[in-house]
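Coordinate inspection notes
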Amino acid sequence: GKEVTDIPMTRKDEIGVLVQSFNEMKQQLQKTEKMRKELIAGVSHELRAPLAAIRGFVLGILDGVIPSNQQEKYLTVILKETEHLTRITDDLLDLAKLEAGNLPINKTVFNVSSLVNEVITILSKHRVDKGITIKTVYEAEILLLADKARIKQVILNLVENAIRYTNPGGNISISIRELSSTISISISDSGIGINVEELPYIFDKFYRVEKSRNHASGGIGLGLAIIKNIVDLHRGRIVVESERNIGSTFTVTLPKE
Ligand code: ADP
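These remarks concern the structure in this document. (Residues numbered from 1 in each chain as written. Predicted model: local features only at pLDDT ≥ 70, side-chain atom pairs only at ≥ 80, totals over all residues. Heavy atoms only, no water.)

What follows is about the site of the ligand. Around the ligand there are 22 residues in total, and Asn161, Tyr165, Asp189, Arg208 and Leu224 lie nearest to it. Within the contact set of the ligand, an oxygen atom lies 3.0 Å away from a side-chain nitrogen or oxygen of Asn161. Separating a nitrogen atom of the ligand from a side-chain N or O atom of Asp189 is a distance of 2.9 Å. Relative to its unbound accessible surface of 530 Å², the ligand loses 100% to contact with the protein. Those elements that provide at least two residues to the shell around the ligand are α5 (148-164), α6 (223-233) and β7 (247-255). A per-class count over the shell around the ligand returns 10 nonpolar, 7 polar and 5 charged. (Near = heavy atom within 4 Å. Polar contact = N/O pair within 3.5 Å; in protein donor to acceptor, adjacent residues only side chain to side chain. Areas by Shrake-Rupley, 256 points an atom, 1.4 Å probe, with all protein chains shown as cover. Helix = DSSP H or I, 4+ residues; strand = E, 2+ residues; numbered from the N terminus. Nonpolar A, V, L, I, M, F, W, Y, C, P; charged D, E, K, R; others polar.)

Within β7, 8 of the 9 residues are buried, which leaves the element mostly enclosed by the surrounding structure. Note that strand β5 (residues 182-189) and β7 share 8 bridges and pair antiparallel. Each bridged residue has a counterpart across the sheet, and for Thr182 the counterpart in β7 is Pro255. Of the strand pairs in this sheet, strand β6 (residues 237-243) and β7 are connected by 7 bridges, and their pairing is antiparallel. Across the sheet, Arg237 pairs through a bridge with Thr253, a residue of β7. The turn joining β6 and β7, which pair antiparallel and follow one another in sequence, is formed by 3 residues; a positive phi near 65° is taken by Asn245. (Buried < 20%, exposed > 50% of the residue type's maximum accessible area, 1.4 Å probe, protein only. Pairing = 2+ DSSP bridges.)

The interhelical angle for the contact between helix α1 (residues 14-62) and helix α2 (residues 71-99), taken along N-to-C directions, is 155°, at an axis separation of 10 Å. With respect to each other, α1 and α2 are oriented roughly antiparallel. The two elements α1 and α2 cross, and the hand of that crossing is left-handed. Contacts between α1 and α2 pair Val43, Glu46, Leu47, Pro50, Leu51, Ala53, Ile54, Phe57, Val58 and Ile61 from the former with Gln71, Tyr74, Leu75, Val77, Ile78, Glu81, Thr82, His84, Leu85, Ile88 and Leu92 from the latter. A breakdown of the residues in the contact of α1 with α2 according to their chemical character gives 16 nonpolar, 3 polar and 2 charged. (Axes fitted to C-alpha atoms, helices over the stretch in contact; angles between N-to-C directions. Parallel < 35°, antiparallel > 145°, perpendicular 65-115°, else oblique. Left-handed = near helix turned anticlockwise from the far one by under 90°. Contact = heavy atoms within 4.5 Å.)

Take α2 next. Compared with an ideal rise of 1.5 Å per residue, which puts 29 residues at 42 Å, α2 spans 42 Å between its outermost C-alpha atoms and is within 8% of the ideal. Within α2 the residues assigned to the buried category are Ile78, His84, Leu85, Arg87, Ile88, Asp91, Asp94, Leu95 and Leu98. For α2, the secondary structure elements touched by its buried residues are α1, α5 and α6. Trailing α2 by a residue or two, Gly101 shows a phi angle of about 70°, which is positive. (Expected span 1.5 Å × (residues − 1).)

This paragraph deals with the nonpolar core. Counting 48 residues, the largest nonpolar core has Val112, Ile155, Leu158, Val159, Ile174 and Ile202 as the members making the most contacts within it. Here this core gets 7 residues from one element, more than from any other, and that element is α5. (Core = buried A, V, L, I, M, F, W, Y, C linked by side-chain atoms within 4.5 Å.)

Below, the discussion takes up the packing of aromatic side chains. Applying the stated rule across the entire model yields 3 aromatic pairs. Ring geometry for Phe57 and Tyr74: centres 4.8 Å apart, planes at 50°, overall tilted. Residue Phe57 is found in helix α1, and its partner Tyr74 is found in helix α2; the two are separated by 17 residues along the sequence. Assessed through its relative accessible area of 23%, Phe57 is described here as partly exposed. Note on Phe203 and Phe250: the rings are 6.3 Å apart at their centroids and 80° apart in plane angle, and the pair reads as edge-to-face. Placement of Phe203 in the loop between β5 and α6 and of Phe250 in strand β7 is noted, with a sequence separation of 47 residues between them. Of the residues examined, Phe250 reaches a relative accessible area of 8% and is grouped as buried. (Phe/Tyr/Trp six-rings, centres within 6.5 Å; stacked < 30°, edge-to-face > 60°.)

In structure tokens:
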């Protein structure tokens, strides 16, 4: 784009005020343009690595460089990489819908306790592989009126993060508390934690703590931004408490109806 320089401001009257707001608008536009460019560069970068891996292994199999008794191993890697790409594109799509005010919320009554159990089952392989223990503290039936698929996404993402950012052998505790008009779901981990200075930013889109530490795992820093939006759409709240090398607790509080 063409660089536009500030209009020099010499007057103190209405024209001067106008000049000042034009200059501010211009700065805002340049900032948005810079963010847009960074977004495209960042997303392209995140898509390249899995695509290069998939391409390489497929070529290896087609060319016969990878012997048939090794193919299953490489096909498993290809599957993992496509799942990673699916997660990134799903996240981008959700974010685009949220920002356009286009994410429909379909509320039904469901049992949150069963939903949490379901999420734990979905993630059990990942958890067992890391030797992580999950302790659950909740009644067998706690009813909630909300968008079941979206709340599942919220819990899945938080428990996934808890497993991902906890060292092998660690502990996770999930509790659900029912009050007169709200339900709170807390996910605590004995993981690596988040520095106090970083805490205010972790719900920002594309924000990732120490970008390198979780390379090739997780998404592209959209998970928590999407969760926060979903919780907001339910008029709920999400808070985090964390201490570096001690662990993190994410608590989602939702109105019962
Ligand atoms: P990502 O898709 O990169 O995991 P998220 O939006 O889910 O992005 O999380 C943003 C960042 O917050 C992550 O990169 C990670 O560094 C940090 N984070 C999220 N959950 C936890 C947790 N339970 N413990 C420590 N760090 C966390």
